[in-house]
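In case you want the letters, here they are:
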Amino acid sequence: MNRSFKPPPPLSDSHRSIIYEEYMRDPEKNNVRELAQRHHLSLGRVDAILRLKGMEHAWVKEGKTLQTGFRIGMEKLVSVRDSRRRITSREDANEADEIEEEPGRQAARDRYERHFWESLLEDAESVVPMSLKHSKALATRKTASDYLHTDDPRITPRVKIPRYVKKPKEKIQVVSRSSRPDLKFVDIGSKFIDQRSLLKRYKASERRSAKRREKRALTS
């Protein structure tokens, strides 16, 4: 165990509730920076507390059951601080704020990158899900175009079959013999062929052929 590793102590749920209530009481006066200074926490930590508490209150309004038993057990396990015992040192919080506000850091932008808000009129249909569905369909078609068709002769080259060889019409053939177990033959076609790598090799071969033709045209 690394004795020099001393992570910031967890906050109790009651302490987080106090921070959320102070913010909801007066968001302008008790803004994120003011709450961070008052409770000796980093800006990112206060922002996360407000987000999670807001989600928790929204779930309660929707009638969802919260798993509070697990939270109570974890608070006892990790020995969280009591909400009445304030953190007196801002050393860790100041360091976290300095990292967050470094020039060129994209943490704030990345935090909101995957969130979508769409204002809708009453009884209006959302556009974002349909747009995402359309993009997914385009990506699926693009992926499908990267593969060769099963009938493409480049996957399984067609070999001229002699007259005396009978080609079965069914893909599954079962041969039965007396006093012996049945033999089952299945035509799997190109099931175990890596079509993507095969297509890359064909394209590379076509590019090399095109370059050779260009060289021949220049020399002639």
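Residues numbered from 1 in each chain as written. Predicted model: local features only at pLDDT ≥ 70, side-chain atom pairs only at ≥ 80, totals over all residues. Heavy atoms only, no water.

Novice: Got a minute to help me understand the overall build of the protein chain in this structure?
Specialist: Scanning the protein chain from N- to C-terminus turns up eight helices and two strands. Order of helices (α) and strands (β) in the protein chain, N terminus to C terminus: α-α-α-α-α-α-α-β-β-α. Here the protein chain, with 220 residues, has 16% of them falling under the buried criterion. Counted over contacts in the protein chain with a minimum sequence separation of 6, partners at least 24 positions apart contribute 60%. Accessible surface, the protein chain: about 19100 Å² in total, of which carbon and sulfur atoms supply 54%. (Helix = DSSP H or I, 4+ residues; strand = E, 2+ residues; numbered from the N terminus. Buried < 20%, exposed > 50% of the residue type's maximum accessible area, 1.4 Å probe, protein only. Contact = heavy atoms within 4.5 Å. Areas by Shrake-Rupley, 256 points an atom, 1.4 Å probe, with all protein chains shown as cover.)

Novice: So what exactly am I meant to see when it comes to the pattern of salt bridges here?
Specialist: Side-chain pairs of opposite charge can arise where the charged atoms are in close proximity. All chains considered together, the criterion is met by seven salt bridges. In this structure, the salt-bridge partner of R51 is D47, at a minimum N-O distance of 3.2 Å. In this pair, R51 and D47 are both assigned in helix α3 (residues 43-61), four residues apart and thus about one turn of the helix distant. Overall, the relative accessible area of 30% leaves R51 in the partly exposed class. Take D47: its relative accessible area is 17%, and that puts it in the buried class. If you follow the salt bridges from partner to partner, you end up with D13, R16, K53 and E56 in one network. (Salt bridge = Lys/Arg side-chain N within 4 Å of Asp/Glu carboxyl O.)

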